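Chain and residue survey
Residue strings, one per chain:
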Amino acid sequence: MADFWAAYQSTLGFAMVNAFFALSTYAVLSAGMLSFATVTFAALGGFLGAQLAVHLALPPVLVMPVSALSGALLAYVVALLFLRLDSHWMALASLALVLITRVVALNATALTGGVNGLSVPLSLPLWVLAAILAVICVVFWRLSASWYGIAARAVREDAAVAATLGIPQRRIQTIAFIISGAVGGLGGILLALMLQFLSPETYFIDIAFTMIAAVVLGGSYHWAGAIVGAVVFTALPVLLQAVVPDFEKVANGICLLLIMIFLPRGLIDPRALRLRRARKAPSR
Amino acid sequence: MRIAKGAALVAAMLLAGGSVLAGPARAAALAPGDYKVGFVAEITGPIAFAGKSFLAGAQLAADEISANGWMGKGTHISVLVKDSASDAARAIQDIHQFIADRSVIATTCCILSPVANSVKPIVASAGIPLVIHGATLPGLPAPPWVYSMTVLPGPKDVATAVKMAETTKPKSVTYFLAADNDAFKARLGAARAALEKMGVKTAGVVSVLTADTDFTAPATQAMGEHPDAILIYTTQAPAVGIIAALRQRGYTGTIVGNDVLSPASVFKKLGPAVVGIPFPIGFSSDLATTPEAKAFVAGYKAKFGNDPDIYSAQGYEAIWFIAQGLRAAGGKPTRATLAKTLAAQHEVTHNVYGGEPITGGQIDTAGTTIVAWSADGKLVPWTGAK
Amino acid sequence: MSLFVEQLINGCALGSLYALFAIGFGLVFATLGILNAAHGTYASWAAIAALAAVQRLGLPFPLAVLVGVAAGGALGVAVDQIAFQPLRRRGAGMLGALITSIAAWIVLDNLAGVATGQDSLSFPTDSYPGGMLHVGGIAFSTMQLITIIAMLAATLGMHLLVRHSRFGAAMRAVGWKEQAAAIVGVDPRRVVLATAFLAGAASGLAGVLGGISTANVSYSLGEGLMLKGFAAVVVGGYDDVRGAALAGVALGILEVMSAQYVSTSLRDGITYALLLGFLLLRPRGLFGGTSFVRA
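Quick look at the structure, then. Nothing here was measured: the structure is a model prediction, and the numbers come from that model. (Residues numbered from 1 in each chain as written. Chains lettered and ligands numbered in written order. Predicted model: local features only at pLDDT ≥ 70, side-chain atom pairs only at ≥ 80, totals over all residues. Heavy atoms only, no water.)

Within chain A one finds 13 helices and two strands. The C-alpha atoms of chain A give 19 Å as radius of gyration, which agrees with the globular expectation for 284 residues (19 Å, within 12%). The C-alpha extent of chain A, read off along each of the three principal axes, is 65 × 45 × 30 Å. Out of the 284 residues in chain A, the part that is buried amounts to 57%. Sequence-distant contacts in chain A: of pairs separated by 6 or more residues, those separated by 24 or more amount to 79%. Carbon and sulfur atoms form 70% of the exposed surface of chain A, whose accessible area is close to 11900 Å². The average position of the 16 basic charges and that of the 9 acidic charges among the side chains of chain A differ by 16 Å. (Helix = DSSP H or I, 4+ residues; strand = E, 2+ residues; numbered from the N terminus. Rg over C-alpha atoms; globule rule 2.2 N^0.38 Å. Buried < 20%, exposed > 50% of the residue type's maximum accessible area, 1.4 Å probe, protein only. Contact = heavy atoms within 4.5 Å. Areas by Shrake-Rupley, 256 points an atom, 1.4 Å probe, with all protein chains shown as cover. Lys, Arg positive; Asp, Glu negative; His and termini not counted. Charge placed at Lys NZ, Arg CZ, Asp CG, Glu CD.)

Moving on, we come to the sheet that holds strand β13 (residues 369-373) of chain B. Residues and elements named next belong to chain B. Overall, antiparallel pairing links the three strands, which are arranged β10-β13-β14 in an open sheet. Single-partner strands in this sheet number two, and they are β10 (279-281) and β14 (379-381). Ignoring strand direction, the axes of neighbouring strands in this sheet form an average angle of 55°. Across three bridges, the pairing between β13 and β14 is antiparallel. Bridged to W373 within β14 is L379. Across the sheet, helix α5 (residues 154-168) is in contact with β10 and β13; its angle to β10 comes to roughly 140°. (Pairing = 2+ DSSP bridges. Axes fitted to C-alpha atoms, helices over the stretch in contact; angles between N-to-C directions.)

The next subject is the packing of aromatic side chains. Residues and elements named next belong to chain B. In this structure the tally under the stated criterion is twelve aromatic pairs over all chains. Both rings, one in W70 and one in W320, keep their centres 4.8 Å apart while their planes meet at 80°; by these two values the pair is edge-to-face. Highlighted residues: W70 in the loop between α2 (48-67) and β2 (75-83) and W320 in helix α11 (residues 310-329), separated in sequence by 250 residues. For W70, a relative accessible area of 3% gives the class buried. Of the residues examined, W320 reaches a relative accessible area of 2% and is grouped as buried. Between F296 and Y300, the aromatic rings sit 6.0 Å apart at their centres with planes inclined by 65°, giving edge-to-face as the arrangement. Taken together, the positions of F296 and Y300, both in helix α10 (residues 291-304) and four residues apart, correspond to about one turn of that helix. Judged by its relative accessible area of 0%, F296 is buried. Take Y300: its relative accessible area is 3%, and that puts it in the buried class. (Phe/Tyr/Trp six-rings, centres within 6.5 Å; stacked < 30°, edge-to-face > 60°.)

With 21 residues of chain B at the contact, the number on the chain A side is 23 residues. Counting the surface lost from both chain B and chain A, the interface buries some 1900 Å², and carbon and sulfur atoms represent 52% of this. Interface area lost by chain B to chain A is led by R90, Q93 and Q97 of chain B, which between them contribute 26%. Between chain B and chain A we count zero salt bridges in total. For the pair chain B and chain A, the number of links is two residue pairs in polar contact (both at pLDDT 80 or more). The set of elements that each furnish at least two residues to the side of chain B that touches chain A consists of β2, α3 (88-100) and α4 (113-126) of chain B. The greatest single-element share of the side of chain B that touches chain A, amounting to nine residues, is contributed by α3 of chain B. Taken together, the residues of the side of chain B that touches chain A sort by class into eight nonpolar, six polar and seven charged. (Buried area = accessible area lost by both parts, 1.4 Å probe. Salt bridge = Lys/Arg side-chain N within 4 Å of Asp/Glu carboxyl O. Polar contact = N/O pair within 3.5 Å; in protein donor to acceptor, adjacent residues only side chain to side chain. Nonpolar A, V, L, I, M, F, W, Y, C, P; charged D, E, K, R; others polar.)

Right, let's get into the environment of V151 of chain B. Residues and elements named next belong to chain B. Secondary-structure assignment places V151 in the loop between β5 (146-148) and α5. On the basis of relative accessibility, which here comes to 15%, the residue V151 falls in the buried class. Through-space distance from the C-alpha of V151 to that of A135 is 9.6 Å; in sequence the pair is 16 residues apart. If sequence neighbours within four positions are ignored, V151 has contacts with K156, Q362, I363, D364 and T365.

It is worth spelling out the state of the cysteines at this point. All names here are of chain B. Tallying each qualifying case throughout the model produces one disulfide over all chains. Bridging C109 to C110, the disulfide has an S-S length of 1.9 Å. For the disulfide bridge between C109 and C110, the dihedral angle about the S-S bond is near -65°, and by the sign convention the bridge is left-handed. Given a relative accessible area of 1%, C110 falls into the buried group. (Disulfide = S-S within 2.5 Å.)

All names here are of chain A. All of the buried residues in helix α7 (residues 147-157) are Y148, G149, A151, A152 and V155. Buried residues of α7 fall within an arc of 165° about the axis and therefore sit on the same side. Exposed side of α7, more than 90 degrees from the buried face: W147 and E157 are the residues found there. Two or three places before Y148, at the start of α7, stands the capping residue S146, its side-chain oxygen 3.3 Å from that residue's backbone nitrogen. (Arc of directions from axis to C-beta.)

Contact residues are listed per partner, giving 40 residues for chain C and 37 residues for chain A. Here chain C meets chain A over a buried area of about 3500 Å², counting both sides, of which 83% is carbon and sulfur. Ranking the residues of chain C by area buried against chain A places L95, I99 and L280 of chain C at the top, with a combined share of 16%. Counting across the chain C and chain A interface gives zero residue pairs in polar contact (both at pLDDT 80 or more). Put simply, the parts of the chain that give the side of chain C that touches chain A at least two residues each are α3 (61-90), α4 (94-115), α9 (219-236) and α11 (264-281) of chain C. By residue class, the composition of the side of chain C that touches chain A is 30 nonpolar, six polar and four charged.

For helix α12 (residues 248-262) of chain A, built from 15 residues, the straight-helix expectation of 21 Å at 1.5 Å per residue is met to within 8% by its first-to-last C-alpha distance of 21 Å. Turning to α12 of chain A, its buried residues number three or more, namely E248, V250, A251, N252, G253, L256, L257, M260 and I261 of chain A. Buried residues in α12 of chain A make contact with α10 (205-218) and α11 (223-243) of chain A, β2 and α3 of chain B together with α3 and α4 of chain C. (Expected span 1.5 Å × (residues − 1).)

We now examine the pairing of strand β1 (residues 132-135) of chain C. Residues and elements named next belong to chain C. Alignment of β1 against strand β2 (residues 138-141), held across four bridges, turns out to be antiparallel. Within the sheet, the bridge partner assigned to H134 lies in β2 and is A139. Once β1 ends, the chain turns through two residues before running back antiparallel as β2, passing G136 with a positive phi of about 55°.

Residues and elements named next belong to chain A. Contact pair helix α2 (residues 38-55) / helix α4 (residues 87-107): the axes reach a minimum separation of 9 Å and the direction vectors enclose 25°. As far as their axial angle goes, α4 and α2 are roughly parallel. Contact residues: α2 offers V39, T40, A43 and F47, while α4 offers L97, V98, T101 and A105. (Parallel < 35°, antiparallel > 145°, perpendicular 65-115°, else oblique.)

Right, let's get into the packing of α12 of chain A against α4 of chain C. Helix-helix packing is characterised by the crossing angle of the two axes and by the distance between the axes. One can describe the packing of α12 of chain A onto α4 of chain C by two numbers: an axis separation of 8 Å at closest approach and a directional angle of 160°. Considering the angle they form, α12 of chain A stands roughly antiparallel to α4 of chain C. The two elements α12 of chain A and α4 of chain C meet at a crossing, and its hand is left-handed. Residues K249, V250, G253, I254, L256, L257 and M260 of chain A of α12 of chain A form the contact with α4 of chain C, whose participating residues are G96, I99, T100, A103, I106, V107, N110 and L111 of chain C. (Left-handed = near helix turned anticlockwise from the far one by under 90°.)

Right under this line is the structure:
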């Protein structure tokens, strides 16, 4: 048991870090927007936090709020620029932002260490990681039942109807971006602490695609779906490697395809849960 | 000289293999059993072509060491493989799984330097020896926990550039640089300084990126500077593309490559375009002279059906080095005692380079062999004659 | 001066590959509403198929190109039917199709790695017209000329098809609103299949020509085209073939010129900053029309 724990503790750690990225992606998705900008927020939070930790020797507890805040600020700026675009174009713009992020990471050597990368000689106990994730979960849970959560759902389901109900779409989506930025920035520094080394490749398109996939896989209509998706997506390659070592990634892709086709609303689907409950309950 | 030394080593090896001969450095014979090495492989992903060679070399070494009980009677060494696909996060997870497996006595990993840098602090704090088999960044080794089996390419590049300048006497040269790779930046700097000291002018430096695929424009740019020679300091894919583009556009001057040109796949791909281009090499199956090197080539061919390259040699040496440590440690070694013993080794005794000293956990090889591909696809010593 | 002209030609040839890629990518986006992450893998597989045709069957260059184009088109149709059709039937949105396209990308990309033995292969030098042409002190390769001509022909053909044929009208109708198209007698299924095939074929053509001229047949071929082709779609606008083609060529020239006269490390930054600028200032592309948004 102790061995099993030791063997898979880093997998659990990465699963939790990925859960932050997935939640960040979910935050914008829940307000009806597809955005890959989480990667950019994570890069800012990660590099800035790592620099503070290395050069000013700040403890991780102080660094994390700074990372989250910087992510949120950047997200606010991104929201100001991007919310003028309609949905398809915003997805494309956020993808462009990810590509630019890598170029900046390669060239802004003072912040990122450039091609040499950046060593982060700090580590984080897993229970701290779990505790932070728990706090974020509570925040998402409270949010989903709040006025904001309901308004966001309305904007996502039908923006025109939401507008006639007097829901300020632009403001709801800006808030969604800020939440996404804060959680993404936090995820960025947590990934840095898990890897203990950052390079321009650390925050790139792979994170964007796997996290979107994780959210949709887990279920994009409930915040818990993001976490389930992230865990499945982190564990799947490890499991598949044991089963089909040569075609592990191919099997990964096929799993994703099958889930999307047969479970299009993801593993955690509040509507299906409600329907099941309704069916079980005595209706007459 | 080299051959004599090698023969003596083989003799010593046979003696040791047959009996429980106690060498002066050894306290007791290694306890019988299967010693497991965790190999973080890169057999899928962007550099899988090299990753496969590293792993094949390691597997051959394990077979050889186990077959004749080289570490002692009833001892085996085996390689456990986990693929990281060159992803740092995956490599960390793999290493943690090896650390958790109490039967794993040592680990080996990493072709990419950032990945090696991520894994390094973990093995040091967990206390398990790590032999890096591919990453070339200087400063990676940190005994007693971390060792590198990759010869630092910088000095060999300088020697090659100088020899080229001495033989072909160019007036001005142009350099190609993988601008997003700091190791190559340093290698270019060293070669350029040496050539400028010899009075060879720098016509220009053309930058490319490692992920680039189109090299027509960079080749045009370099040829626009009309250099007498072009020196290439990039990773393999760009180097191949640059040579193809230069030759296609009709460049006839001297081209100097680097060690990335040595695998057979490069000749297969480029054919006549790469013939006669000099580059330094640590190991080549065509130039194997010592008995160990010849045995390695023959064994590799028998097991995998093709010739080993420098990558297979490095994977092979990583396992031999760990086995050497285990044998020297004797008794029932732990990860910590194995690390202590490895730190005390001053050379890898069973090597395919004709001498492989270790300083500060970093191996080196004697001299620089400069080779070029011949028209029939063999590596031959480079003479400078066109 | 001749250096400048040669680099201009290099940029045009490189940009032609982006353009070929972009017109297919844009076509699928405009007609089917799918942001297809697997589009680049069609190029890789087309090049692999053409190489196999050369090495196994000994086919000459024009036939090998045809094999590659057909393979790209067939793959486009196969991916559409396997990964997109089940979602389409259910009326799921663009997000679902993006995810299944990512899945298809992962699968095809990794299988391409297996097919080439994780290596980068190249066409034998005698299997294509590999010579250099010299015109008034300017040197360029035959393949570059072929690439540029192929791009012009494909763009013109695609433009005529989409804008000036009955079938093109049907495509645009489906792109605008599928049910409405069905009501006025357009068979959406035929349009979907044809669009998927044409897009895959264009990507395949880019793959074969790019695989030959860059001496790189591997999964990275498609990935390289993907990022730049995507930029071309955004700058050029996805609902006009000419815009995507022009933007592709312009990006190719910009890339080559910024590497020659500015800096290689900033090269991609310039491209992507331009991309973002276009998105924010002119979000419908060079030739973008008005959009139909439900009020």
